[in-house]
Every structure is written in structure tokens, then in C-alpha cells.
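Close look at the chain arrangement
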Amino acid sequence: MNLNIGEVSKRTGLRAKTIRYYEDIGLVKPLRDTNDYRVFRETDLHKLIFLSRARALGFTIGDCRNLLALYEDETRASAEVKEITNKHLEEIEAKIIDLQAMHETLTHLSKECAGDHRPDCPILEGLSGDPCH
């Protein structure tokens, strides 16, 4: 089965620009026809679906490159895949902690602000870092 970039885009949910980018950085290598148009094979489609899912889960391009190599390596050790995934989970957990702290700060600032016609605003004071402003 040979597909053009438009068909691959529809089947993967990836924009053509993203697919071309993945080609430019060597994640997929579609064939070229006599008119130099990209011709995607079934294997290219599967790689792009894999990349789309991995990116949707927040893996970096570098992680995607490593995961894709492991996916294609039938002699891989699943421990390597788990190591990449656990590292990503730690990064997500750190982001969650940061987001929770941001939420608490903004909730506090929002409760302190009267939200009326007066110009004084604890939110702006909190953002400026200047309690005397």
C-alpha cells in the first residue's frame, strides 16, 4: 500500500508540515516517486502513528527517536523502554507539583482581590513582587 502525504495526514491526524518535519529529522524515510513526491508505505504509516501517540503523551523528539528505535529492534530489552518512560513520568510529576503550586498562588491572589471599582489589586501586587506598589 502506497500513500501520499495527504492520505497519511488524514490517517494519522498529523499535519503535512509535521510529517515533513519528521522526515527532515530522519524519523521517517518515505520513498520518492518519479515526480519526487513522497510515497509512504505501511511501515511509514505505523511509525507516524507511533510518533503521534508518543508525542501526544508528551515524549520529547529525542525520546521518540529512542522509543522508535527500540520499537523496531526485536532484540530490545524492555528495561530500556521502561527507563525512558519512568524518566518521563518523573518529569510529568514535577510539572504537576509546579502546576499545583501555581494554582495555590493564583487561588490565594484571586481570593485577596475584591474585584471591584477600586484600583488596588493584590493580584497585580503579587505579580509585581512589590508589596508596597
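Residues numbered from 1 in each chain as written. Predicted model: local features only at pLDDT ≥ 70, side-chain atom pairs only at ≥ 80, totals over all residues. Heavy atoms only, no water.

1. What about the nonpolar core?
The biggest cluster of nonpolar side chains holds 19 residues, and the ones touching the most others in it are Val-8, Ile-19, Tyr-22, Phe-40, Leu-48, Leu-51 and Phe-59. Of all the secondary structure elements, the ones that give two or more residues to this core are α1 (5–12), α2 (16–24), α3 (42–56) and α4 (61–72). Apart from residues lying up to four places away in sequence, Leu-48 is in contact with Val-8, Thr-12, Leu-14, Ile-19, Tyr-22, Val-28 and Phe-40. (Core = buried A, V, L, I, M, F, W, Y, C linked by side-chain atoms within 4.5 Å. Buried < 20%, exposed > 50% of the residue type's maximum accessible area, 1.4 Å probe, protein only. Helix = DSSP H or I, 4+ residues; strand = E, 2+ residues; numbered from the N terminus. Contact = heavy atoms within 4.5 Å.)

2. Things to note about the UniProt feature "domain: HTH merR-type" (unreviewed entry) in the protein
Per the UniProt record, "domain: HTH merR-type" (unreviewed entry) is found at residues 2–70. Across residues 2–70, helical content stands at 61% and strand content at 6%; the span's end C-alpha atoms are separated by 25 Å. (UniProt positions renumbered as here; feature names shortened; annotations may be inferred.)

3. Quick look at the domain arrangement of the protein
Its domain assignment divides the protein into domain 1 (1–76) and domain 2 (78–132). The straight-line distance from the C-alpha centre of domain 1 to that of domain 2 is 35 Å. Across the boundary between the two partners, domain 1 contributes eight residues, which contact eight residues of domain 2. Both sides of the domain 1 and domain 2 interface together cover about 680 Å² of buried area, and 67% of this is carbon and sulfur. For domain 1, the biggest contributors to the area lost against domain 2 are Phe-59, Asp-63 and Leu-70; these three give 55% of the whole. (Domains from an automatic or database assignment. Buried area = accessible area lost by both parts, 1.4 Å probe.)

4. Remarks on α4
Taking 1.5 Å per residue, 12 residues should reach 16 Å; α4 reaches 16 Å between its end C-alpha atoms and fits that length. Of all the positions in α4, only Asp-63, Cys-64, Leu-67, Leu-68 and Leu-70 are classed as buried. An end-on view of α4 places all buried positions within 160° of arc, on one side of the element. Buried residues along α4 sit in contact with α3 and α5 (78–112). (Expected span 1.5 Å × (residues − 1). Arc of directions from axis to C-beta.)

5. Quick look at the confidence of the model for the protein
On average, residues of the protein carry a pLDDT of 93, and 97% of them reach 70 or more. Mean pLDDT values for the elements of the protein range from 88 in helix α6 (residues 122–128) up to 97 in α2. (pLDDT = per-residue confidence, 0-100.)

6. A few points about the packing of α4 against α5
Pairs of packed helices are described in terms of their axes, by the angle between the two and the distance that separates them. Two numbers describe how α4 lies on α5: the axes approach to 10 Å, and their chain directions differ by 160°. One finds that α4 runs roughly antiparallel with respect to α5. α5 is crossed by α4, and the crossing has left-handed handedness. Counting all contacts with α4, which are made through Asp-63, Asn-66, Leu-67 and Leu-70, the residues of α5 involved are Glu-80, Val-81, Ile-84 and Lys-87. Residue composition of the contact of α4 with α5, by class: four nonpolar, one polar and three charged. (Axes fitted to C-alpha atoms, helices over the stretch in contact; angles between N-to-C directions. Parallel < 35°, antiparallel > 145°, perpendicular 65-115°, else oblique. Left-handed = near helix turned anticlockwise from the far one by under 90°. Nonpolar A, V, L, I, M, F, W, Y, C, P; charged D, E, K, R; others polar.)

7. Considerations on the side chain of Glu-23
Considering the arrangement of structural elements, one finds Glu-23 in helix α2. With relative accessibility at 16%, the residue Glu-23 sits in the buried group. Apart from residues no more than four positions distant in its own chain, Glu-23 is found in contact with Val-28, Pro-30, Arg-32 and Arg-38.

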